[in-house]
Amino acid sequence: MPQMEQKYALAWKIEGPYLAISEDNMETAVLSLSQFQQCLGASQYRICHEAIPTDLGHGSCLAILFFSTTLEAIATCDTEVILLPVTETADNLGYGIWLIIEKALFSVTVLDSSEEVMAFAAFYDYPPPTAKESPANWVNNIAHELKVDGIHSLNTMFIHYFVTTSDYAVGCVQEIVKSLYGSVPHVDQILMCVPLSNHPDPAISDIFKPIKKTIRESSTQHATFYVSYRHEVSPVLHVRRAQMEDNDDLTPIFASQSNRLQEVYGDYFVAELIDSQDENHHALCAEKDAKAVAFMSLSSNVNLNLLNETFELKPFHGLRKPHPNDVLEPKERSSAKQKKSIGGDVAAQPVKESPEDSNVPGPLHTNVCLVTSNMTAAAQHLTSQMGARCRKRKTASSSLVLEAFDKQIKLDLTVVPASTKHDVSKSDCLMFAYQPTDTDSVAFVLSEFEKLKVDLDNSSSADHVDSDTMRSGPQMHLFLQLVSPSDAEVHSDPVQQLAAESSVGVVQAGFCDQKSVQAALQIILEAICRNLFGIQTPSSCGGDDNNDLSERSSVATKAPVKLAEVKPSFVPEYFGDSNCFCIQLFCIRPEFETRSLDLMRSAFECYPDKDYCIITVPHLVPEFHLLQNFVRVPTRLQANLDQELYIFNRYGLLPDFSVRPSVSADLEQVERLIGTVENKDRILADLKQYNEARRDKDGTPLHAFSACVNGGEQVVGVAIVRQEENIEYLKSWFNIEDLIYYSHHQRSEHAHLHHFVINPIFHHLTKMFLQEIMRLDEKSCLYYPVFDPNVQGPEVEKHTLVTCLGEMVPVRPRRQISYPIHMLHGNIPSDRVLKTIERFALYSINRKLVLEPKVAINARVVVVGASDTSLSFLESLVFAPHLKFNNVTLVSPHGIPGELPVSDEAREFLSTSLSFNKERLSRMALRSWVTEVLGKLVSIDRKARKIHIRSSQHPDKHEVLSYDHLVVATGLQYQVPHPVGLYGNMEEDEVRKEFVQPSNVFTVNDEYDADYFLFYVKTVLAKSPDHLVVFGSTIDVYSCVRCLLNCGIKGFRIILARKPLADGEPTCFNNPKVEDEVDKTLRAAEVRILDKCELYSWQVAPESNHVTEVSLRVDGEWEAYSCDAIINFDEKRVDFDAFKALNDSCIVFDSRVVIDSEFHTNDICIRAAGPVTKFSRRYHADNWSHANFYSAEVGNELALSLLRLFDPTVEVDEAEEAERKSSLYNLVPLYHKPKVLYCILPANMFYLDVRKPDLKVPLEEARKQPNFGNEYETGAPDGDQGYFMIHVNAYRCVQSITCVSKSPIRCGNLVCLYGKNEKLLNRLVSRFDEGLIPDLFAYFEEPWAMALFHDRFEDLMQEIRQILMDSPPAPLGEDPESMTSFTQKVREIIEENMEMKPSELAKVMGDFQNSGYKQAIETRLLAYLSYNYYHLPMYAKPGMV
């Protein structure tokens, strides 16, 4: 067939139910069901839109590919040649309509009143392929040839795709263009590229006019360009001085928004403002058709001192002119800088240290000898490499140095084999790494140590020495235990013996990779700081948490973690003249709101000597269009001004903001721009690398971009991106598919943002900067990680904190499957999915989102308590992609959980619900959006909407915090016990007046408390002979006893005093087998167990405030014990300070905070949720409260109730809302997710309990209920196999799971079994009855079960339910409404007979197979497995077998 001159497109009419596209987007295929199933097993095709069936005859389901010639298309596959509308013409575009929408910068759909699509258009920031120009270079080639003034990439859009119904074409085009100009204020013109042989539709030509090109030969000769200008659709407003006559036009505009001004100042307040104009006060008016449509009142009288004390104005120099007396930094910092500047370059001149400078010591030096014994080759190589590295480097800056405590510890590490008999006496620190079986080397080190100890005893020593004098001989001895991967058990008796004789620290660590070696060295460094130099250090950060909680290490006698001191930010002092004016009043008619910025140029003309315009608005006022061009200024700590401050700089009006690739000449300007940025050296290093090689040293492409003004001469921003090489990892660990269709983006279109800095006065142009980066780099998605603050590593060092984080969208982390590698026989995900990367949260932005404005919410939301309910509530707020909460504060004694660098022992001390482990919290990065206030709520001023907080660091200091919405979710805490023999039935308030808590009475409520308590145990209690009383009946008493035993406390010293249970109250396990095994284990460890015990009294030593003796009443008998410590785990109650604050502020309190079904207390601005609450008595459900449910689910519902107030996408019909509330008035809300309890019991037995949220009933009584069902058990708690019990109710659904095992439990997997029908679990019941399941642990680790644990399995189940609820297609000639769905048929049978007869079941199953339901479900299942194959490679697909 000859080639055709005109542009034609090839369309496939869908004649089958499914459509597939080849991976190169160049070929499509129409598939029948059988072909579709075969296609799933092939690698060439993928199913578009996740195999959504095509709707026959529906045009939007057609896939369109474009080719240069018809011959080329026919050679590819069978096609039909059609002539396209000119707006669709393209060369080899390769897109379907869904891909056009996915990559469009802005797309619009016009709907009629019945929600039918009338028109659609897609806009891009670069020309269509018809223009034959690359996205990055079109400005240089096309814009310069068109006679359009001021055209550039940021103020121009191209229409790539447009379709409309012919009857309403003109109106649809007008609405679409008007929508674009209204939503994207910086766009001044829209261009359309049409081939020369075609002409636009008359509906388009009314708005788009042709552009004349230059006469010379141009690259645009093959196409005609048409343009639509903004001023033709939304004309620029004429701005002038306001006049008295404008009052009549402006008053209705103010009245339409609020009558407050009119009520306070009268009907002529606008006229009075206009009349009072002078040199400090001005009034502007914008008019259209000789009628005032906008008003702005300006004043230069601004209280700058108040603003400076309240807001962080340092980037704007306090809104004042520079003055020589300005104090910009604290005195100590400025004096240090002054010292450094005296004499020029200090490093270049030898300077003698004077006595005055002795407080700035040099590096503290220590020699460490690591004696290795029988180590693996890999470990030997790593440790030798580390030692060589330390010896090779001479300067303190390049040595292995610890710089966290204002001092430097320089470590020289010598690694020697034990066989060399190295002279270790010259070392300051001796370490020993050995195999547990290498007893000969242990004996050698023991003998060497005895010699060293004799020398040490003969030498004079002090507790601490300064940096100039070191003690002779070895002063500290740390012994590292080498644990090889093949050793299943650790034999540490020689080490423990050595530690007991010398009181040295013992470190247990794996020596299998460089990371573990570095972690061990960090522990050593901290120990050196404490022991040799007297520097107090925080405990080192524990290892990664995961769902199994299986990786654990322990470090003996570590100092407890301390809360970081939060100091008020320094307030600079400015003495210059004012450099700003303010907007007092502003109003504009809604239809002209997009032209708000037109008034700003005239506003600055009124004050030619001012650079800044400011405006303050109340917190509850939504951001209007003008504010979106301003920069919001954050408040200072503890600031309580009831206003938000926004700033605009006159240079923000510059029309020539542009972005270009960075050049070498930008380096000097960039260095000045980032002068105050932390880790600025990383930015400069990457920028130099880009200018030198355009790629990293490892070959990764590197791109740097500069944002410029003044014709590209002045750099005001810089960004550095790399190719995203870990996109498979991101896809696996984060829900990036919530934001994009992953299959529509090529791998090369994903980029990784490393650095992004922009001048604060241009911060409102951040999204333009991001948009240009993606256009110039031809990327469609940008990603940025926010690393855990306790994580260090090479990836962390490649990034700096970016200023565009607020414009990006946080991406939800995904729950991961815990893969039993040994059971999958190599069918596991690739290393790209399973590899270990430093923990981080992910932020992203893509082309679709770059022009979507976030709704800024300035309402002050204060959350009290860091419970699971609070964290779930905060997570729901933070991960709303279209909302941005600017004022969310968490009040908690110890901040956000998981962020303190406590030990793993402390993290595992208490039981947990597994809702928010450290891994998940690290991937949420709540600190990016939530302000932490360390303290406790002590009072509430409801009238002023303020709370008073007692600081955790300074208990005598109270802070004040204002709120608009207060959320109380403190949970319940263990309280300090009050012996009944001493205080009787006194009220709590009276007891506290005279009660002084003894220093050895402990309550542990979080990991911070646990870290301190464990430190006390190791340093104090371990050396004392008296008893430790663990009091209570909760599961935490057993976890506490385990930790005490693991810390070396002998069992005979521990007294477990269990409180008597109330009538009908189950034990904490509610399982006799588990209870008996735990008691047996405790008695074997010689722990004394006292049942039905009551804390009656104690004796306190006045001089030490220590309890020395405790009296217990045990089943009516009196027993007294000498006492070293009391650890209370009695029933959790409401924190007394929180109770006092709520009660004194007249919040209804009835043993708990009383709420309604919508979480409201009796104050509409105060909500409460979680175990701290109870429902009002009008519900007649006193036994039910949030404590009966899964707290994270409650927190999510709490967030949804608050989002109804702020989320503009939630349309609330007042009538429906009133009806909904009335229906809930007398109903308690129910939640459905299971309650989970996990802890580690004595003898290191792992315990998991998953059960239905319900009232607490003893197991024996529950078994008597008619719908109880059956329990299926394997193993025993004391066996190597472990104990596994799964309860299947009468409806064949899993209702509870109990596991006890000596090996770590795959908790994340097993929790997923809850609520599943047993037949979904591979016919669990029938297999168990047939004796085919000897071990339920192994059963659920088999490959078939992995799909059940996938995070998207519930989505699959929901889709299958929807298939069963849909009616099948009606046969020809029948009414479609006469067809009933499969679900409806089953329901009708059940409702009629309450059961299904065998004949009815056979008929239903026949209908299920013959009507296409079975095929549809199988197809959906295969699509699920194919789409998630990167997580589920253990399943075979059609075509593989």
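Criteria and thresholds
Residues numbered from 1 in each chain as written. Predicted model: local features only at pLDDT ≥ 70, side-chain atom pairs only at ≥ 80, totals over all residues. Heavy atoms only, no water. Helix = DSSP H or I, 4+ residues; strand = E, 2+ residues; numbered from the N terminus. Contact = heavy atoms within 4.5 Å. Pairing = 2+ DSSP bridges. Axes fitted to C-alpha atoms, helices over the stretch in contact; angles between N-to-C directions. Phe/Tyr/Trp six-rings, centres within 6.5 Å; stacked < 30°, edge-to-face > 60°. Buried < 20%, exposed > 50% of the residue type's maximum accessible area, 1.4 Å probe, protein only. Salt bridge = Lys/Arg side-chain N within 4 Å of Asp/Glu carboxyl O. pLDDT = per-residue confidence, 0-100. Arc of directions from axis to C-beta. Parallel < 35°, antiparallel > 145°, perpendicular 65-115°, else oblique. Polar contact = N/O pair within 3.5 Å; in protein donor to acceptor, adjacent residues only side chain to side chain. Left-handed = near helix turned anticlockwise from the far one by under 90°. Nonpolar A, V, L, I, M, F, W, Y, C, P; charged D, E, K, R; others polar. Lys, Arg positive; Asp, Glu negative; His and termini not counted. Core = buried A, V, L, I, M, F, W, Y, C linked by side-chain atoms within 4.5 Å.

A look at the overall build of the protein chain
When its secondary structure is counted, the protein chain shows 43 helices and 56 strands. The contacts of the protein chain with a sequence gap of at least 6 include a subset with a gap of at least 24, amounting to 73%.

What about the sheet that holds strand 31 (residues 781-787)?
As a general point, the strands of a sheet are linked pairwise by backbone hydrogen bonds and lie either parallel or antiparallel. Strand order in the open sheet formed by seven strands is 27-28-29-30-31-33-32, and the pairing between neighbours is mixed. Both outer strands of the open sheet, strand 27 (658-661) and strand 32 (809-811), are each paired with one neighbouring strand and no more. Averaged over all pairs of adjacent strands, the angle between their axes in this sheet comes to 35°, without regard to strand direction. In terms of strand pairing, strand 30 (residues 750-758) meets strand 31 through three bridges, oriented parallel. Bridged to His752 within strand 31 is Tyr783. Seen against the sheet, helix 21 (residues 766-776) touches strand 27, strand 28 (702-709), strand 29 (714-723), strand 30, strand 31 and strand 33 (840-846) and runs at an angle of roughly 140° to strand 30.

Some details on the packing of aromatic side chains
Per the counting criterion, the structure on display carries 42 aromatic pairs. Aromatic pair Phe1382 and Phe1408: ring centres 5.4 Å apart, planes at 55°, arrangement tilted. Of the two residues, Phe1382 sits in helix 41 (residues 1382-1393) while Phe1408 sits in helix 42 (residues 1398-1410), which places them 26 residues apart along the sequence. Both residues of the pair, Phe1382 and Phe1408, belong to the buried class.

Notes on the sheet that holds strand 11 (residues 209-210)
Pairing within the open sheet is mixed, and its six strands lie in the order 7-8-9-10-12-11. Edge strands, defined here as strands with exactly one partner in the open sheet, are strand 7 (106-111) and strand 11. With three bridges joining them, strand 9 (residues 156-164) and strand 10 (residues 189-195) adopt parallel strand pairing. The residue of strand 10 that forms the bridge with Phe158 is Leu191.

Points about unusual backbone geometry
Positive phi values are uncommon outside glycine, yet His825 reaches one of about 55°. By relative accessible area, which is 67% here, His825 ends up exposed. Of note in this structure, Arg1323 is not a glycine but carries a positive phi near 55°. Tracing the chain through its elements places Arg1323 in the loop between helix 37 (1307-1311) and helix 38 (1324-1329). Given a relative accessible area of 43%, Arg1323 falls into the partly exposed group.

A word on helix 31 (residues 1036-1046)
Within helix 31, nine of the eleven residues are buried, which leaves it mostly tucked inside the rest of the structure. Every buried residue belonging to helix 31 is among Asp1036, Val1037, Tyr1038, Ser1039, Cys1040, Val1041, Arg1042, Cys1043 and Leu1044, and all of these are buried. At its buried positions, helix 31 is contacted by helix 30 (1007-1019), strand 43 (1027-1032), strand 44 (1054-1057), helix 32 (1072-1084), strand 48 (1117-1129) and strand 52 (1235-1241). Of the residues flanking the end of helix 31, it is Gly1048, one or two places downstream, whose phi is positive at about 95°.

Observations concerning the environment of Ala292
With respect to the helices, strands and loops of the structure, Ala292 is situated in strand 15 (residues 291-299). The class of Ala292 is buried, set by a relative accessible area of 2%. Between the C-alpha atoms of Ala292 and Asp249, which are 43 residues apart in sequence, the distance is 5.7 Å. With sequence-adjacent residues up to four places away left out, Ala292 is seen in contact with Asp246, Asp249, Leu250, Ile253, Cys285, Ala286 and Glu287.

Quick look at the pattern of salt bridges
Under the criterion given, the structure shown has 59 salt bridges. Among the ionic pairs, Glu749 bridges to Lys103, the shortest N-O distance being 3.0 Å. Of this pair, Glu749 sits in the loop between helix 20 (727-733) and strand 30 while Lys103 sits in helix 3 (residues 97-103), placing them 646 residues apart in sequence. The salt bridge involving Lys1073 is made with Glu1273; its shortest N-O contact spans 2.6 Å. A residue pair is termed long-range when its members are at least 10 positions apart, and Lys1073 in helix 32 and Glu1273 in strand 54 (residues 1270-1274) qualify at 200 residues. Classification of Lys1073 as partly exposed rests on a relative accessible area of 42%. Take Glu1273: its relative accessible area is 27%, and that puts it in the partly exposed class. In the salt-bridge network here, residues are joined through shared partners; they are Glu725, Glu728, Arg747 and Arg832.

Quick look at the pairing of strand 12 (residues 223-229)
When you tally the buried positions in strand 12, you get five out of seven residues, the bulk of the element. Relative to strand 12, strand 10 is paired through seven bridges, and the arrangement is antiparallel. Along strand 12, the bridge assignment pairs Cys193 with Phe225. Here strand 11 runs beside strand 12; their pairing, made up of two bridges, is antiparallel. In the strand pairing of strand 12, Lys209 is matched with Val227.

Examining the confidence of the model for the protein chain
For the protein chain, mean pLDDT is 79; residues scoring 70 or higher make up 74% of the total. Ignoring residues within four places in sequence, the model shows residues 22-26, a span with pLDDT below 50, making 15 contacts including any to other chains.

Regarding helix 8 (residues 247-257)
It helps to recall that an α-helix has 3.6 residues per turn; residues three or four apart then point in one direction. Along helix 8, the residues that are buried comprise Asn247, Leu250, Thr251, Ile253 and Phe254. Take helix 8 and look down its axis: the buried residues cluster within an arc of 165°, on one side only. Looking at helix 8, the residues exposed on the side facing more than 90 degrees away from the buried face are Asp248 and Ser256.

Details of the packing of helix 41 against helix 42
For the pair helix 41 and helix 42, the least separation of the axes is 10 Å and the interaxial angle reads 170°. Looking at the two axes, helix 41 sits roughly antiparallel to helix 42. Between helix 41 and helix 42, the residues in contact are Phe1382, Lys1385, Val1386, Ile1389 and Asn1393 and Glu1400, Val1404, Asp1407 and Phe1408, respectively.

Description of the side chain of Ser922
Note on placement: Ser922 falls in helix 27 (residues 918-922). When its relative accessible area of 3% is taken as the criterion, Ser922 is described as buried. Polar side-chain contacts of Ser922 include one of 3.1 Å to the side chain of Arg839. Contact partners of Ser922, with chain neighbours within four places excluded, come to Val786, Asp788, Arg839, Phe840 and Ala841.

Things to note about the packing of helix 25 (residues 868-878) against helix 34 (residues 1191-1206)
Direction vectors running N to C along helix 25 and helix 34 enclose 45°, while the axes themselves pass 7 Å from each other. Taken as axis vectors, helix 25 and helix 34 run oblique relative to one another. For the pair helix 25 and helix 34, the crossing hand works out as right-handed. Taking contact as the criterion, the partners of Asp868, Thr869, Ser872, Phe873, Ser876 and Leu877 in helix 25 are, on helix 34, Ser1191, Ala1192, Val1194, Gly1195, Asn1196, Leu1198, Ala1199, Leu1202 and Leu1203. Partitioning the contact of helix 25 with helix 34 into residue classes produces eight nonpolar, six polar and one charged.

What about the side chain of Asp777?
Looking at the element boundaries, Asp777 is found in the loop between helix 21 and strand 31. No salt bridge is formed by the buried Asp777. Its closest oppositely charged neighbour is Lys779, at 4.4 Å. Beyond its immediate stretch of four places on either side in the chain, Asp777 contacts His703, Phe705 and Val721.

Re the environment of Arg1058
Secondary-structure assignment places Arg1058 in the loop between strand 44 and helix 32. Residue classification places Arg1058 among the buried positions, given a relative accessible area of 10%. In contact with Arg1058, other than residues within four places in its own chain, are Gly1032, Ser1033, Tyr1038, Asp1079, Ile1089, Leu1090, Asp1091, Lys1092 and Cys1093.

Quick notes on the nonpolar core
Phe123, Leu319, Phe657, Phe756 and Phe873 are the most contacted members of the largest nonpolar core, which totals 133 residues. Counting residues in hydrophobic clusters, the runner-up holds 52 residues, among them Tyr1238, Ile1240, Phe1353 and Phe1408.

Focus on the environment of Phe1328
Position of Phe1328 relative to the elements: it lies in helix 38. Between the alpha carbons of Phe1328 and Tyr1272 there is a distance of 7.7 Å; along the sequence they are 56 residues apart. Beyond its immediate chain neighbours, meaning those up to four positions away, Phe1328 contacts Tyr1272, Glu1273, Thr1274 and Ile1333.

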